[in-house]
Amino acid sequence: MPTESHDVIARVFKFKINELMRMITTKDCGVLKKTRYNLYSTEWLKRGLPHAHILVWLREKIHGNSPVCQPFQKSVYGVSNQESIDVECHLEADPRDIKFFWRFNSSSKVEDTILHKIHSEFQSIASYRIQTSEDYGTLMCWGENSIGVQREPCVFKIIPAEAPEPVQNCTVFNRTEELILVECLEGFNGGLDQTFIMEIYTKESESLYAKVSSHVPMFLVNGLTPGTFFILLVYAVNRCGRSSAVRISTSTVRQAEKLTGNRGGVYVFNPVLTIFISATVALILFIVMLVIIIKVKKKSTLKVLFSIV
């Protein structure tokens, strides 16, 4: 990321700090559980990079607790027929002596004999296979330690896998001579991990100029041709297919040009030369005005002296 693009750095940093504060302070399921107040301030270093100072007041002291679900786990799994998946359940507890339990529930059956293995003291992985349409439903995971049984289980939805939905609200936030920043909101991923693609076409020839991918719907493209109009196609892809593309029209900023030398009727604009010429002309005009004022004052003084004599 170019260090001179301070607006881009500020936007990305703001996105990251918002995610961090959400992880810390989300009601009842944040990293620090219930919080009373929180605040943070952002500061910029001389070399142009930001950092944040964060202060959080907790409602209660941190004691031992029965198991709870770790926040921000994957909760929807897309599965095709006759396909097996591994569903990960992450818990938090103090003390750590967690015993894991699993259950499958749908409109037609309930099953407690779910094959699973303990991957770590906080993680259990269940192996589940889709045999018929009745195997789509909800997997639940919960734990128990010496403090007690988990109050609310972690819930994972098992759905038929499908192609992702299109991205939404795509906006071009930053345009320079060679750089474009595009941000979108992701659509439903179809229950599968998705990747976001942006294809860049020149508007004049409609030929593919570049193609970039990202795990989040944010694209920072550098090294573009100045003063060029582009068509951007943004879409999501997973192993079941791709979404329809969102079309965006934009352009890079033209280089500053001044008419200083004939290049087929077009002159190159040099802003430094313009400033220098303007300053020189202003200085000359100032000197001329100063000379005129001095001469006028001298004539007025001589007239007064002659009148007295």
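Refer to the structure printed above.
Residues numbered from 1 in each chain as written. Predicted model: local features only at pLDDT ≥ 70, side-chain atom pairs only at ≥ 80, totals over all residues. Heavy atoms only, no water.

Run through the pairing of strand β5 (residues 84-94), naming residues and quoting values.
A one-sided burial pattern is seen for β5, the buried positions being Ile85, Val87, Cys89, Leu91 and Ala93 and the unburied ones Ser84, Asp86, Glu88, His90, Glu92 and Asp94. Taken together, the 3 bridges between strand β3 (residues 65-69) and β5 define a ladder with antiparallel strand orientation. Pairing of Cys69 across the sheet is with Leu91, part of β5. Here β5 pairs with strand β9 (residues 123-129) via 7 bridges, running antiparallel. From the neighbouring strand, Asp86 faces β9, where its bridge partner is Ser127. (Buried < 20%, exposed > 50% of the residue type's maximum accessible area, 1.4 Å probe, protein only. Helix = DSSP H or I, 4+ residues; strand = E, 2+ residues; numbered from the N terminus. Pairing = 2+ DSSP bridges.)

I'd like a rundown of the packing of aromatic side chains, residues and numbers included.
Summed over the entire model, instances satisfying the criterion amount to 5 aromatic pairs. On the basis of an interplanar angle of 70° and a centroid distance of 6.4 Å, the ring pair of Tyr77 and Phe156 is categorised as edge-to-face. Residue Tyr77 is found in strand β4 (residues 76-79), and its partner Phe156 is found in strand β11 (residues 154-160); the two are separated by 79 residues along the sequence. Judged by its relative accessible area of 9%, Tyr77 falls in the buried class. Centre to centre, the rings of Phe101 and Trp142 are 5.8 Å apart; their planes meet at 15°, and the pair counts as stacked. Within this pair, whereas Phe101 is found in strand β6 (residues 99-105), its partner Trp142 is found in strand β10 (residues 137-144), the two being separated by 41 residues in sequence. The partly exposed category is assigned to Phe101, whose relative accessible area is 25%. Look at Trp142 and you get buried, because its relative accessible area is 19%. An aromatic cluster of at least three residues, connected via ring pairs, comprises Tyr77, Trp102 and Phe156. The aromatic ring of Tyr235 is capped on one face by Arg242, whose charged end is 3.7 Å from the ring centroid. (Phe/Tyr/Trp six-rings, centres within 6.5 Å; stacked < 30°, edge-to-face > 60°. Lys NZ or Arg CZ within 6 Å of the ring centre and 35° of its normal.)

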